Amino acid sequence: MIRLLTLIALKTLLVSQCFSQANVYHPFPLDGGEWRADYFNSYCAGLCEQRRYYTVGDTIIDSLKYKKLYGDIVPEAGNSFYEQYFGGLREDTINKTIFFWAAFSPEEIALFNYDLDSGDVAPGTYLHLENDTMIVIGIDSILIGNDFHKRFNLSTSTGYPAALIEGVGWSGGLILEPMSSLIGWEVTYNLKCLKINGVLVYEDTSYTYPACDLPLGITELHQSEQNIVLYPNPVSVNSTLTLKSNSQERCFITIFDLTGTPVYHSSFLEELNIFLSSNEFTAGCYLVKISEANYADTWLKLLTL
């Protein structure tokens, strides 16, 4: 009887500790954070890209301090690029919100908002379009390192699991992985793991390949020294977008929508004018990839109105 009561007391204590840990806000790992995400697409017959994000150093933008975010992209086919600067991250711990000021963007935008309750509609962010309804269908906790963090499980049209994870990001990734109710239909993103100061604190063990670390033995490309200008940005649909480069080599441009689908492809020397027809473009956010032989790819964010 005494043993039974002792076990009940220990179980109650454990549950109480887990509950109290989950109700303490766990900040984002701006110092020493390293995220690994994988991009899958049926057009790639599986894995398309392995991605790694990490923070290094500080920068000041509009009198606010941000952590500088960099990334490495390793596709299954084609050139890899390393040490790409994506922008700055900062955190508002009072409102439980992570902000992202993307490179070449005129302003910051919320990246993750963890100030949510069950039944809330996930707000529009850098990764999530506001008109794509995703509802918090339940809140539980997940062990991250030695602490339990809140996990906000979200509804999807496909039934594929998706969740915001406090102090981590979201179950799909960090920056190039849009949060969509259609995840799992042709396109899938997975946050493979998170390390803080080199220590593994989170890993998705539902699949084994690829592993948490990026593959070794890849020839690193030098970061392109070309200066690429894209304007106007934001730009209105049914108007002209201009790209200029100081490179003497031919550049190749691909524009992707937030599902990862290419919507435009061309090449140019020094200057290119693109008419953004409403038949191909709508108001929203696009990613622009500019490639040049023997150099790492350059990624830009494009906002259309």
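Residues numbered from 1 in each chain as written. Predicted model: local features only at pLDDT ≥ 70, side-chain atom pairs only at ≥ 80, totals over all residues. Heavy atoms only, no water.

### Thoughts on the environment of Thr-259
On the secondary structure map, Thr-259 appears in the loop between β15 (251-256) and β16 (262-268). Remark: the alpha-carbon pair of Thr-259 and Ile-183, spanning 76 residues in sequence, is separated by 8.6 Å. Leaving out residues up to four positions away in the same chain, Thr-259 has contacts with Pro-178, Val-187 and Tyr-189. (Helix = DSSP H or I, 4+ residues; strand = E, 2+ residues; numbered from the N terminus. Contact = heavy atoms within 4.5 Å.)

### Description of empty space enclosed by the protein
According to the stated counting rule, one finds 3 cavities of 30 Å³ or more in the structure shown. Size it by volume and the largest cavity reaches roughly 110 Å³. Lining the largest cavity we find 14 residues, and of these Phe-86, Ala-103, Trp-299, Leu-300 and Lys-301 sit closest to its centre. For the lining of the largest cavity, the secondary structure elements donating two or more residues are β4 (81-92), β5 (97-102) and β19 (298-304). Of the residues in the lining of the largest cavity, the class split is 12 nonpolar, 1 polar and 1 charged. (1 Å grid on protein atoms, 1.4 Å probe; cavity = no way out; pocket = protein on both sides within 12 Å on 5 of 7 lines; lining within 4 Å. Points joined across faces, edges and corners; volume = space filled by probe spheres on them. Nonpolar A, V, L, I, M, F, W, Y, C, P; charged D, E, K, R; others polar.)

### Focus on the state of the cysteines
Under the counting rule described, the total for this entry stands at 2 disulfides. Between the sulfur atoms of Cys-44 and its disulfide partner Cys-48 the distance amounts to 1.9 Å. Handedness here is read from the sign of the S-S torsion; for Cys-44 and Cys-48, about 105 degrees, the answer is right-handed. Of the residues examined, Cys-44 reaches a relative accessible area of 37% and is grouped as partly exposed. Note on cysteine connectivity: Cys-193 is disulfide-linked to Cys-212, with sulfurs 2.0 Å apart. Sign of the S-S torsion, about 85 degrees for the bond between Cys-193 and Cys-212, identifies this disulfide as right-handed. Linking Cys-193 in strand β11 (residues 187-196) with Cys-212 in the loop between β12 (199-203) and β13 (228-231), this pair joins segments that are 19 residues apart in sequence. The buried category is assigned to Cys-212, whose relative accessible area is 10%. In the chain, the bonded cysteines, numbered by position in the sequence, are linked as 1-2, 3-4. (Disulfide = S-S within 2.5 Å. Buried < 20%, exposed > 50% of the residue type's maximum accessible area, 1.4 Å probe, protein only.)

### A closer look at the pairing of strand β2 (residues 46-61)
Pairing of strand β1 (residues 33-41) with β2, which is carried by 8 bridges, proceeds in the antiparallel orientation. Directly across from Phe-40, in β2, lies its bridge partner Leu-47. Adjacent in sequence and paired antiparallel, β1 and β2 are bridged by 4 residues, among which Ala-45 carries a positive phi angle near 60 degrees. In textbook terms, the turn of a hairpin is the stretch between consecutive antiparallel strands, and for β2 and strand β3 (residues 64-75) this stretch comprises 2 residues, one of which, Asp-62, has a positive phi near 50 degrees. (Pairing = 2+ DSSP bridges.)

### Quick notes on the packing of aromatic side chains
Tallied over the full model, the rule gives 12 aromatic pairs. Ring centres of Phe-100 and Tyr-126 lie 4.9 Å apart, and the angle between their planes is 80 degrees; on these two criteria the pair is classed as edge-to-face. On the criterion of sequence distance, the pair formed by Phe-100 in strand β5 and Tyr-126 in the loop between β6 (109-113) and β7 (136-144) is long-range, its members being 26 residues apart. Across the ring face of Tyr-207, the terminal group of Lys-192 is positioned such that the distance to the ring centre comes to 4.2 Å. (Phe/Tyr/Trp six-rings, centres within 6.5 Å; stacked < 30°, edge-to-face > 60°. Lys NZ or Arg CZ within 6 Å of the ring centre and 35° of its normal.)

### As for the pattern of salt bridges
One side chain can pair with another of opposite charge once the charged atoms of both are near each other. By the definition in use, this model includes 10 salt bridges. The partner of Arg-51 in a salt bridge is Glu-49, and the shortest N-O contact between them spans 2.9 Å. Of the two residues examined, Arg-51 and Glu-49, each falls in the buried class. Residue Arg-90 pairs with Glu-108 through a salt bridge whose shortest N-O separation is 2.8 Å. In this pair, Arg-90 is assigned in strand β4 and Glu-108 in the loop between β5 and β6, connecting sequence segments 18 residues apart. Judged by relative accessible area, Glu-108 falls into the partly exposed class, the value being 22%. Residues participating in the shared-partner salt-bridge network are Asp-31, Asp-58 and Lys-67. (Salt bridge = Lys/Arg side-chain N within 4 Å of Asp/Glu carboxyl O.)

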